[in-house]
Amino acid sequence: MSGRQSNKLPNNLPQLQNLIKRDPQSYLEEFLQQYRHFQSNVQIFKLQPDKPNKELAELVMFLAQVGHCYSQHLSTFPQELAQLLLTHHTVVEPDLRMTFCKALILLRNKDLIDPSSLLELFFELLRCHDKLLRKTLYTHIVTDIKNINAKHKNNKVNTVLQNFMYTMLRDRNPIAAKISLDVMVELYKRNIWNDAKTVNVITTVCFSKVTKILVAALKFFLGTDEDEKKDSDSDSEAKGPSARDLMVRFSTGKKSTKNKKKLEKAMKVLKKHKKKGKAEVFNFSAIHLIHDPQDFSEKLLKQLETSHERFEVKIMMMELISRLVGIHELFLFNYYPFIQRFLQPHQRDVTKILLCAAQASHQLVPPEIIEPVIMTIANNFVTDRNSAEVMTVGINAIKELTARCPLAINEDLLQDLSQYKTHKNKNVMMSARALIMLFRNLNPKMLHRKDRGRPTEASAEARIKGYGELEAKDYIPGAEVLEVEEENKEGEENDEDGWESASVSDDDEDGEWVDVHHSSDEDTGEVEEKLQNIPPEERRAKAAAISASRLLTQEDFKKIRLVQMAKEVNSAPHKGQKRKMVDCDDEAERGELLTLRDIEKLHKKPKADKETRLATAMAGKTDRKEFVNKRIKLNPHASTSNKEKRKTKNFMMMRYSQNVRTKGKRSFREKQIALKEALLKKRKQHK
């Protein structure tokens, strides 16, 4: 009978729920009975809301499960449940409160309740001191908004939800404000609310008095960029010359060391040009969507100057200001003296501060503003009284500053820093060489004559632009190569008859091989020689004429890029090639952002201290306990024998014993017999 009693529908809600989902109309009376039961339980609950009520929880979940089957009868059920939560959420028992929330989430998934009203209720519940509840509500809010915009962006609902979310950011309760910020950041990362309105609302949170909210907003804007490691070889080959073109060009002629070195350098130049032409993909594009970055950075700097937050938070604020100034090229002249106070080798996280100084520099900052910062770094870091790592970091920071603002360094300081190219420490030496390589491309005339390297066509044309100067060209640089190639083709057509007469000859019919030189291998070299002989003014005139008179194809642009790259390899006209060029690994192109690796770049691994070396040695040793002679006692608590005690006794106690006195007087034969007996005894012990 007990089995039959369990199958009675009014008492077995899971079975009734299953049957209702199969045939709702047949079980309408049973459903209404349970609904009346729910209403009576609600009246009891209102009398004592702080008491646990398991029966009410089961009825609520049952009605939420079958709500779509009887939508007319349960039209007021979601509002009743929401009103119960809104009224008693502070005193209700946690498990019952979680059940009510799960029932509302189930009804929302079945589209039986409006999302905006439910969102208001859930943000009110975020004030409860229940971590599991807050986590559940946060997950539902993000998932629900994502599902609303799954097929297409629902702008009507998004506007209502966004306006409500923006008001929640200014809520007095820090927990509710923090979770609303987390929701907006998560939806931005998922490309759902990735508009400028969302970003500019989050900028207001950067001035919050609550540290957790402030740090969350700063982390949102300081999101690190994801470097795309995948090389798009097909795209780069279509846009410009490929590595195969260079291999054919330098390998078809005579094989010599000179050609091999030229090929290696040309491959480096090609790699640099590919990086330059590659579009950068940023994860932190929120910085680009700020409406008024100048006003935002000024307010942030004012807050930073009067802030009493932890030093880590101040560093984050400095990083954000630096990125704003560097990316938007802002004028924030008070920032550089502020950051200059922290430029000391003993300062905590000084490499991050140096990174901020380099990131905040750009070409539009007046050189007299950046020059004190460079002089402070040179005086405090690049001195022989500091360690080699400190000097390396200082030279790297100066290099990054001058790369973005070349006018900020004077010739004397640059030549002094270039003297460290012969320093005994390899890190300092390579950093100084990287600085020399930078100014070989920017302005070789600022360096010593011996540091300028082998002059190329590109370095001969290089010069630093004046402050605020823009170089606008009305022609395509390098387009003159197309006219020179056309002249070469016309010359070849005139000589075709000569080739035809020489093609058939009676002397060559004896079957011997004839050396034939392919003209296409020599075309590029001839074009470059002709271009070198043309004066610069005539080159510009030819390039302007071609750019204005014809439409250039992809093949034409490929030829132009090949010749422009050759300028960085070929020596300048009328210049010798004796001076050796200092090789440096720092060929990477600079993007919008700098990384700590640019400042802390060490070419040689620093020597480990004694503790690190000892830990490494101990980690490499294997456990040798299995090779130790283990003498196991029958009783581990027993004392040692007199013979073992004798071994550990002080010699002054044993020197007058009979054994010790007679040991020195033994003959060779007696010693031999004693050794034999000892070895035999040892062998027996091991058997």
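Everything numeric here is computed off the predicted structure, so don't read it as measured data. (Residues numbered from 1 in each chain as written. Predicted model: local features only at pLDDT ≥ 70, side-chain atom pairs only at ≥ 80, totals over all residues. Heavy atoms only, no water.)

## Examining the nonpolar core
With 152 residues, the main nonpolar core has Phe-221 and Met-318 as its most contacted residues. Counting residues per element, this core draws most heavily on helix H17 (residues 311-328), which supplies eleven residues. (Core = buried A, V, L, I, M, F, W, Y, C linked by side-chain atoms within 4.5 Å. Buried < 20%, exposed > 50% of the residue type's maximum accessible area, 1.4 Å probe, protein only. Helix = DSSP H or I, 4+ residues; strand = E, 2+ residues; numbered from the N terminus.)

## As for unusual backbone geometry
With a phi angle near 60°, Asp-111 is a residue other than glycine that sits in the positive phi range. Here Asp-111 lies in the loop between helix H6 (94-109) and helix H7 (115-125). In this structure, Glu-329 takes a positive phi of about 55° despite not being glycine. Its location among the elements puts Glu-329 in the loop between H17 and helix H18 (335-340). For Glu-329, a relative accessible area of 38% corresponds to the partly exposed category.

## Quick notes on the packing of helix H9 (residues 155-169) against helix H10 (residues 174-189)
Close contact between H9 and H10 brings their axes to 8 Å; oriented N to C, the two are set at 135°. As summarised for this structure, H9 and H10 are arranged oblique, according to the angle between their axes. Crossing angle aside, the handedness with which H9 passes H10 is left-handed. Where H9 approaches H10, its residues Met-165, Tyr-166, Met-168 and Leu-169 are matched on the opposing element by Ala-176, Ala-177, Ser-180, Leu-181, Val-183 and Met-184. Counted by class, the contact of H9 with H10 contains nine nonpolar, one polar and no charged residues. (Axes fitted to C-alpha atoms, helices over the stretch in contact; angles between N-to-C directions. Parallel < 35°, antiparallel > 145°, perpendicular 65-115°, else oblique. Left-handed = near helix turned anticlockwise from the far one by under 90°. Contact = heavy atoms within 4.5 Å. Nonpolar A, V, L, I, M, F, W, Y, C, P; charged D, E, K, R; others polar.)

## A word on the pattern of salt bridges
A complete count under the given rule lists twelve salt bridges for this structure. The shortest N-O distance in the salt bridge between Arg-310 and Glu-312 comes to 3.5 Å. Take Glu-312: its relative accessible area is 33%, and that puts it in the partly exposed class. Between Asp-451 and Lys-421 there is a salt bridge; the shortest N-O distance is 2.2 Å. Residue Asp-451 is found in the loop between helix H23 (426-442) and helix H24 (457-461), and its partner Lys-421 is found in the loop between helix H22 (411-418) and H23; the two are separated by 30 residues along the sequence. There is no split in this pair, since Asp-451 and Lys-421 are both buried. (Salt bridge = Lys/Arg side-chain N within 4 Å of Asp/Glu carboxyl O.)

## With respect to a nonpolar patch on the surface
On the surface, a cluster of nonpolar side chains totalling about 420 Å² of accessible area is made up of Phe-331, Phe-333, Leu-364, Leu-407 and Tyr-467. Topologically, Tyr-467 is positioned in the loop between H24 and helix H25 (480-494). (Patch = residues over 30% accessible without salt bridge, like charges linked within 9 Å, V, L, I, M, F, W, Y side chains within 5 Å. Areas by Shrake-Rupley, 256 points an atom, 1.4 Å probe, with all protein chains shown as cover.)

## What to know about the confidence of the model for the protein
Residues with a pLDDT of 70 or more make up 78% of the protein, whose mean pLDDT is 79. Counting contacts from residues 1-6, a segment whose pLDDT is below 50, to residues more than four positions away or on other chains yields two contacts. With pLDDT under 50 throughout, residues 278-283 is counted as low confidence; its partners more than four residues away or in other chains account for twelve contacts. (pLDDT = per-residue confidence, 0-100.)

## What about the environment of Leu-84?
Tracing the backbone through its elements, the reader meets Leu-84 in helix H5 (residues 77-88). As for Leu-84 and Phe-45, which are separated by 39 residues in sequence, their C-alpha atoms are 9.5 Å apart. In this view, Leu-84 contacts Val-42, Phe-45, Lys-46, His-89 and Phe-100; residues no more than four positions away in its chain are not counted.

## Quick notes on the packing of aromatic side chains
One pair of aromatic rings is described through two measures. These are the centre distance and the angle between the planes. Across all of its chains, the model carries 14 aromatic pairs by this definition. Here Phe-31 and Tyr-70 contribute two aromatic rings whose centre-to-centre distance is 4.1 Å and whose plane-to-plane angle is 10°, an arrangement assigned as stacked. Of the two residues, Phe-31 sits in helix H3 (residues 28-47) while Tyr-70 sits in the loop between helix H4 (54-65) and H5, which places them 39 residues apart along the sequence. Residue classification places Phe-31 among the buried positions, given a relative accessible area of 0%. Under the relative-accessibility criterion, Tyr-70 is labelled buried at 4%. Ring geometry for Phe-45 versus Phe-100: centroids 6.1 Å apart, planes at 75°, classification edge-to-face. You can see Phe-45 sitting in helix H3 and its partner Phe-100 sitting in helix H6, a full 55 residues away along the chain. When its relative accessible area of 2% is taken as the criterion, Phe-45 is described as buried. Judged by its relative accessible area of 1%, Phe-100 falls in the buried class. (Phe/Tyr/Trp six-rings, centres within 6.5 Å; stacked < 30°, edge-to-face > 60°.)

## Overview of the side chain of Gln-415
With respect to the helices and strands, the residue Gln-415 is situated in helix H22. Discounting residues that sit within four places of it in the chain, Gln-415 has contacts with Met-446, Leu-447 and His-448.

## With respect to H10
Two residues of an α-helix separated by three or four positions point the same way, owing to the 3.6 residues in each turn. Under the 1.5 Å per step criterion, the end-to-end length of H10 is 22 Å for 16 residues, consistent within 8% with the ideal 22 Å. Directly beyond the C-terminal end of H10, a positive phi value near 60° is found at Asn-191. (Expected span 1.5 Å × (residues − 1).)

## Description of the side chain of Ser-297
On the secondary structure map, Ser-297 appears in helix H16 (residues 293-305). We classify Ser-297 as buried; its relative accessible area is 0%. Beyond its immediate chain neighbours, meaning those up to four positions away, Ser-297 contacts Leu-324, Leu-330 and Leu-332.

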